[in-house]
Amino acid sequence: MALVKCKSCGGEVSSKAYSCPHCGHPMRKTPAARLQDFGPSSDYLLRNDWLSSLIGALLCRLGCGRGAP
């Protein structure tokens with residue numbers, strides 16, 4: 001853990017801190033803010049992945065249900 005200077009007040013802040021304890025200036029993005037960076041495209045990909053898994057499972061079930069004559 002290193003100490004860095006806050007750009008707003010000049011106080012020393014841990015490099016792992018999300019905000020300055022002296023003035024509250026944001027030092028780095030919180031995990032929740034980083035998730036928002038993905039935006040709506042990540043929701044689309046998650047929905048698409050879920051749908052692909054469902055279709056794959058259904059096709060497998062249909063293919064496995066048929067035995068050789």
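What you are looking at is a predicted structure, and each value in this text was computed from that prediction instead of being measured.

(A) Molecular detail of the environment of Pro 31. With respect to the helices and strands, Pro 31 occurs in helix 1 (residues 31-36). Owing to a relative accessible area of 45%, Pro 31 belongs among the partly exposed residues under this scheme. Sequence separation between Pro 31 and Tyr 18 is 13 residues; the distance between their C-alpha atoms is 9.4 Å.

(B) Looking closely at the environment of Ser 8. Within the element layout of this structure, Ser 8 appears in the loop between strand 1 (3-5) and strand 2 (12-14). Sequence-wise, Ser 8 and Gly 24 are 16 residues apart; in three dimensions their C-alpha atoms are separated by 9.0 Å. Not counting residues up to four positions away in its chain, the partners in contact with Ser 8 are Cys 23 and His 25.

Criteria and thresholds
Residues numbered from 1 in each chain as written. Predicted model: local features only at pLDDT ≥ 70, side-chain atom pairs only at ≥ 80, totals over all residues. Heavy atoms only, no water. Helix = DSSP H or I, 4+ residues; strand = E, 2+ residues; numbered from the N terminus. Buried < 20%, exposed > 50% of the residue type's maximum accessible area, 1.4 Å probe, protein only. Contact = heavy atoms within 4.5 Å.

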